[in-house]
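# Summary of the model geometry
Here are the chains, one letter per residue:
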Amino acid sequence: MRYSALKKKMYELSQQYDPQHHTNGGTMAEHMGLLATPGDHCNRQFVPMLDTELEKIITFYGLQLKEVQDEIDEVQMLVEQQEERGLMPAYRDDDDDDDDDDDDDDDANGSVSGKSSPRRKRRKSVDGRPALSERSSRRLSSDSYDYDIEASVPSMRRSVNIPDSDASRSRGPSMSPRSTLRPLADMFRSLRGAGSSDDGPETVWNSKADFARDTRIVFKRRLTTLYLTATSLRSYVELNQTGFRKVLKKYDKVTQNELKDSYMHEKVETATPFTIESKDRLNRAISEIIALYAKCVTRGDVSTATKQLKIHQREHIVWERDTIWKQMIGRERRGEGGGQMKTLGASASSHEEPLITVPTPVGRFKITGSGISLVVALVVFIVLLNVNVIEEEEANRCFSILCFCTILWATEAIPLFVTSTMVPLLVVMLRVVRTARTPEQEPTRMSTHEATVYIFSIMFSPTIMLLIGGFTIASALSKTNIDRIIITRVLSLAGTRPSIVLLAFMLVSCFASMWISNVAAPTLCFTLVRPVLRNLPAGSRFAPCVVLGIALAANIGGQSSPISSPQNLIAIGGMDVPIDWLGWFAVALPVSGVSIVLIWLLLLVTYNPGKTIDGEDLVIKAIRPTRERFTLKQYFVTFVCIFTIGLWCFEHNLERYLGDMGIIAIIPIVAFFATGVLKKADFDQFLWTVVFLAMGGIALGKAVTMSGLLDKMDVLIRHIVAPLSTYSVVLALSFVVMVVSTFISHTIAAVLLVPIASEVGSNLPGGSARLLIFVTGLVSSAGMALPVSGFPNQTAASQEDEVGNLYLTTGDFMKNGVPASIMATMVVVTVGYALMKLTGV
């Protein structure tokens, strides 16, 4: 059943014929007759689709049932033929007599040594049809014997005294040597079959002879496959009957109709696959298969046969699901998946449409935008390396690397993390790192070995460990479902007023971004809001309003805690004396709260989500809280998270014991992975592209400092900021950061601008480096004017309704994102600046 297509059609019908969505009664009259109702017209379009699906199911079921029954009849006939033949293989080919003699000789020797011989080749049954053993002889192997087939040869391992055979000598010298061995082989075959049955007459179903054992294995395989086919067909019937019931129930609910009972009783329940007679027939066929399996494999024990077949069925289902899952993961890892999933540092689509296609003798050469950006970056890099823009060679080369990486980061010609990974390579090969300046010695250029040790030692800093610790906490909260439980309980308090529901979703999105990152938080919130959006009338302005509100709030949440986004950690890492969590919260939480309220008011004015297109008051369906109770594991995860965050808040007071926040980040990693809360697969799912992006940014920042480039910039910066006050510099820097973070990644904006903010702040009166770095980190999350401005916006831009229409357009982002970015930036430079001064940042 095409469940998705039926759902899409029913929502189209609900939007087309719902009286609440039509302001003009004449519009509906164009679609309906004088006495018809909207429900009648919905049924006329929806019922034929149901009939088509039902007819396909009936046809498929009939074909499959006939195949199953024919297969059962054929197996029964083969079983009867095998019983008539008994233990004698009904195959003999005169041309193979000599080969059989050799095989018999080997078989006789092999039976004593405990080894069986593969002696079945081209064989024909008595009636000219291929014997059952011949059909599967190529599949038989020594390791295919299952636990329920007893090994005959080891049980017959005994010492055998073979007497002389006078009969063989009396046949005269005309007998071939091979023929003289035939009676000896027959005797060993009879010995091997002796005692194979504990009670009752010996048959092919209980004998321990090789032929009997191989025959049972062949029948077991065939009957197992047949059982899986029959039970799958039964599941197919049950699943489709449930599907009809569910889709009709949803159809009645969406279109306010009463089609379910009549259609189920008149059409579905009377169709061939769903009648009681058909189900009984299929169950009888399955019982016949079990009986045949018991006869051929388990020596008549039906209970054991049923258990074995169910075990095979479960293993098949697990294997099939595991195989499909692994294939899906493999396709995504190979870049062959059709999804549009995007993580920081990876493009949304692996395919880019060419701008120009140039035919060449060796094929068509495609020129893409990314290719042009890459060529431009390389040209600029090579030109700057060969032009002395800056006097000192190390500083000039570092300036070339900085421009090269900036172009690649801004254009995303290659993945962002790949550009970051190139930084240590270029820094070491071009030898841009110098030793630190001391009163006794001028800085000297490091060797490549010294530069390698230095660069790699500073790349894995406490900031990186703090980032990994944040990923661990986010993963644990998500895997144990704590985030969903808390969020649904909070949203259940929002009521049914659209404005309050909008504010509740924005606050939840902001709060979730603080702890599970602003990458995962909007995805979770969009999942929770989807049931609300499904029940909205067509054309409701609340849908785009809440989708955009979640995205903008997630961006604001990216500045609320040190681990909510990488740019915050980059800002903390750029400070000479890192700010602790308590100091960060003292500034960021009020700033975020004020920004959320202002953006909420902006959306209320822009969309007026409390009204329908008809001007009536909109009532939102209440969100039900989950009834799940916290388990012991969830309490454990909650305790570890709160304990870790508490240590981060008071890190300065515990510095003599714990050293740094990066050491504290190890606590949740050990606690969750050692106890089994998180597995290796969860570790693999961390955003390692973000980790490498941050490491590359740290390496580039140190290279700018140690190459002398920052000293050269210091002179220019001092000249620019000399006549300006601290607050003027804050305003100018905030505007630059907002513009840059709007067009490129928020993290990259922090990577590029935090070193500049640090140098500018060190040249201001009173040393305001920490303050400017803090402002840069907060404003980096405020760039949200475009669909590509940050991951929350990208996620919101891809959200679709039930019929595949996007909720948001670029105009929605421009109309609301631009003023939201300006408001958030102004909150940072007013409220945030005042709090920074009060807290002594």
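Sequence order sets the numbering: in each chain, residues are counted from 1 along the sequence as written. In keeping with the predicted nature of the model, local features appear solely for residues at pLDDT of at least 70, side-chain atom pairs appear and are counted solely at 80 or more, and the whole-chain, interface and lining totals rest on all residues. Side-chain numbers come from the whole structure's heavy atoms, not from hydrogens or water.

### Things to note about the overall build of the chain
Counting secondary structure elements, the chain contains 35 helices and 2 strands. Within the chain, the fraction of its 841 residues that count as buried is 48%. Any two residues whose heavy atoms approach within 4.5 Å at even a single point are treated as in contact. Restricting the contact set of the chain to residue pairs at least 6 apart, pairs at least 24 apart contribute 75%. Reported accessibility uses the Shrake-Rupley method at a 1.4 Å probe radius. Residues are deemed covered only where the shown protein chains occlude them. Element-wise, carbon and sulfur atoms account for 59% of the exposed surface of the chain, whose accessible area totals about 41900 Å². Helix and strand definitions follow DSSP, with helices as H or I runs of at least four residues and strands as E runs of at least two, each counted in order from the N terminus. Note on exposure labels: buried denotes an accessible area under 20% of the residue type's maximum, exposed denotes more than 50%, and partly exposed covers the range between, all computed with a 1.4 Å probe on protein chains only.

### Here's the deal with the packing of aromatic side chains
By convention here, two paired aromatic rings are described through the distance between centres and the angle between planes. Aromatic pairing here means that ring centres of Phe, Tyr or Trp (its six-membered ring) are within 6.5 Å. Orientation follows from the plane angle: under 30 degrees is stacked, over 60 is edge-to-face, and everything else is tilted. Scanning the model with the defined rule gives 20 aromatic pairs in all. A ring pair is formed by Trp-581 and Phe-585, whose centres lie 5.8 Å apart and whose planes are at 85 degrees; its orientation type is edge-to-face. Of this pair, Trp-581 and Phe-585 both sit in helix 23 (residues 581-607), 4 residues apart, roughly one helical turn. With a centroid separation of 5.3 Å and an interplanar angle of 65 degrees, the aromatic rings of Phe-630 and Tyr-635 are classed as edge-to-face.

### So, the environment of Ala-796
Counting through the fold element by element, Ala-796 comes out in helix 34 (residues 791-797). Considered as a pair, Ala-796 and Thr-809 are 13 residues apart in the sequence and their alpha carbons are 9.9 Å apart. Residues in contact with Ala-796, not counting those within four places in the same chain, are Phe-526, Val-547, Ala-551, Leu-808 and Phe-813.

### What about the packing of helix 16 (residues 416-429) against helix 29 (residues 688-706)?
Taken N-terminus to C-terminus, the directions of helix 16 and helix 29 make an angle of 35 degrees; their axes are 8 Å apart at the nearest point. The way helix 16 lies across helix 29 gives a crossing that is left-handed. Two secondary-structure elements touch here, helix 16 through Leu-416, Phe-417, Ser-420, Thr-421, Val-423 and Val-427 and helix 29 through Thr-689, Phe-692, Leu-693, Gly-696, Ala-699, Leu-700 and Ala-703. Residue classes follow a fixed rule: Ala, Val, Leu, Ile, Met, Phe, Trp, Tyr, Cys and Pro count as nonpolar, while Asp, Glu, Lys and Arg count as charged, and any other residue, Gly among them, counts as polar. Considered class by class, the residues forming the contact of helix 16 with helix 29 number 9 nonpolar, 4 polar and no charged. All axes here are fitted lines through C-alpha atoms, helices being fitted over the stretch that makes contact, and every angle between N-to-C directions spans 0 to 180 degrees. Each crossing gets its handedness from the near helix: less than a right angle anticlockwise from the far helix is left-handed, clockwise is right-handed.

### Looking at unusual backbone geometry
The backbone of Arg-299 sits at a positive phi, close to 55 degrees, despite the residue not being glycine. Secondary-structure assignment places Arg-299 in the loop between helix 12 (276-296) and helix 13 (302-333). Here Arg-299 falls in the partly exposed class, since its relative accessible area comes to 42%. You will see that Glu-412, though not glycine, has its phi angle at about 55 degrees, which is positive.

### Quick word on the pattern of salt bridges
In the sections that follow, a salt bridge refers to a side-chain nitrogen of Lys or Arg positioned within 4 Å of a carboxyl oxygen of Asp or Glu. With the rule as written, the count across this model stands at 13 salt bridges. Where Asp-70 meets Lys-66, a salt bridge forms, and the shortest distance between an N and an O atom there is 3.0 Å. Pair noted here: Asp-70 and Lys-66 are both in helix 3 (residues 38-85), with a separation of 4 residues, about one helical turn. For Asp-70, a relative accessible area of 38% gives the class partly exposed. The exposed category is assigned to Lys-66, whose relative accessible area is 54%. Two residues, Glu-394 and Arg-445, come together in a salt bridge whose shortest N-O distance is 3.3 Å. Of the two residues, Glu-394 is situated in helix 15 (residues 393-411) and Arg-445 in the loop between helix 16 and helix 17 (448-459); the sequence distance between them amounts to 51 residues. Classification of Glu-394 by relative accessible area gives buried; the value is 13%.

### Considerations on a positive patch on the surface
Nonpolar side chains (Val, Leu, Ile, Met, Phe, Trp, Tyr) within 5 Å and like charges within 9 Å form the patches, drawn only from residues with over 30% relative accessible area and no salt bridge. The charge count includes Lys and Arg as positive and Asp and Glu as negative, but it does not include His or the ends of the chains. Note on charges: their place is set at NZ of Lys, CZ of Arg, CG of Asp or CD of Glu. On the surface, Lys-246, Lys-249, Lys-253, Lys-621, Arg-624 and Arg-627 cluster together into a patch of positive charge. Examined against the element boundaries, Lys-246 turns out to sit in helix 10 (residues 210-255).

### Considerations on a nonpolar patch on the surface
Where nonpolar side chains cluster on the molecular surface, the patch consists of Leu-355, Ile-356, Val-358, Phe-365, Ile-372 and Val-376 and spans about 540 Å² of accessible area. If you trace the backbone, Phe-365 turns up in strand 2 (residues 363-367).

### A short note on the pairing of strand 1 (residues 356-360)
The pairing criterion for strands is at least two bridges between them, as found by DSSP. By the bridge criterion, 5 bridges tie strand 1 to strand 2 in an arrangement that is antiparallel. What sits directly across from Val-358, in strand 2, is Phe-365. As consecutive antiparallel partners, strand 1 and strand 2 are separated by 2 residues.

### Thoughts on the packing of helix 24 (residues 632-649) against helix 27 (residues 666-674)
For the pair helix 24 and helix 27, the least separation of the axes is 9 Å and the interaxial angle reads 165 degrees. On the basis of the axis angle, helix 24 is roughly antiparallel to helix 27. As for how helix 24 packs across helix 27, the hand of that crossing is right-handed. The segment helix 24 lies against helix 27, with Phe-636, Val-637, Val-640, Cys-641, Phe-643, Thr-644 and Leu-647 engaging Ile-667, Pro-668, Ala-671 and Phe-672. When grouped by side-chain class, the residues that make up the contact of helix 24 with helix 27 number 10 nonpolar, 1 polar and no charged. Throughout, the term roughly parallel applies to angles under 35 degrees, roughly antiparallel to angles over 145, roughly perpendicular to angles from 65 to 115, and oblique to all others.

### Some details on the environment of Pro-566
As for its position among the elements, Pro-566 is in helix 22 (residues 566-573). Pro-566 gets classed as buried once you look at its relative accessible area, which sits at 13%. Here the alpha-carbon distance between Pro-566 and Ile-748, two residues 182 residues apart in the chain, equals 9.4 Å. If sequence neighbours within four positions are ignored, Pro-566 has contacts with Val-690 and Thr-747.

### Concerning the side chain of Ser-565
Topologically, Ser-565 is positioned in the loop between helix 21 (542-557) and helix 22. Once residues lying within four places of it in the same chain are set aside, the contact partners of Ser-565 are Asn-518, Gly-558 and Ser-781.

### Some points on the confidence of the model for the chain
Detailed reading of the predicted coordinates is not advisable wherever pLDDT falls low. In the predicted model, the chain carries a mean pLDDT of 76, and the fraction of residues at 70 or more is 77%. What pLDDT reports is the predictor's confidence in each residue, on a scale of 0 through 100. Mean pLDDT values over the elements of the chain span from 34, in helix 6 (residues 152-155), up to 93, in helix 27. Within the model, the stretch residues 323-329 combines pLDDT values under 50 with 0 contacts to residues more than four positions away or in other chains.

### Focus: the side chain of Asn-555
Assignment of secondary structure puts Asn-555 in helix 21. Those residues within four positions of Asn-555 in sequence are excluded, and the remaining contacts are His-746, Ser-781, Met-784, Ser-789, Pro-792 and Asn-793.

### Let's talk about the environment of Thr-270
Position of Thr-270 among the secondary structure elements: in the loop between helix 11 (260-268) and helix 12. Once residues lying within four places of it in the same chain are set aside, the contact partners of Thr-270 are His-265 and Thr-275. Only 3.1 Å separates the side chain of Thr-270 from the backbone oxygen of Lys-267, close enough to count as a polar contact. What qualifies as a polar contact is a pair of N or O atoms within 3.5 Å, subject to a donor-acceptor requirement within protein and to the restriction that residues adjacent in sequence count only when both atoms come from side chains.

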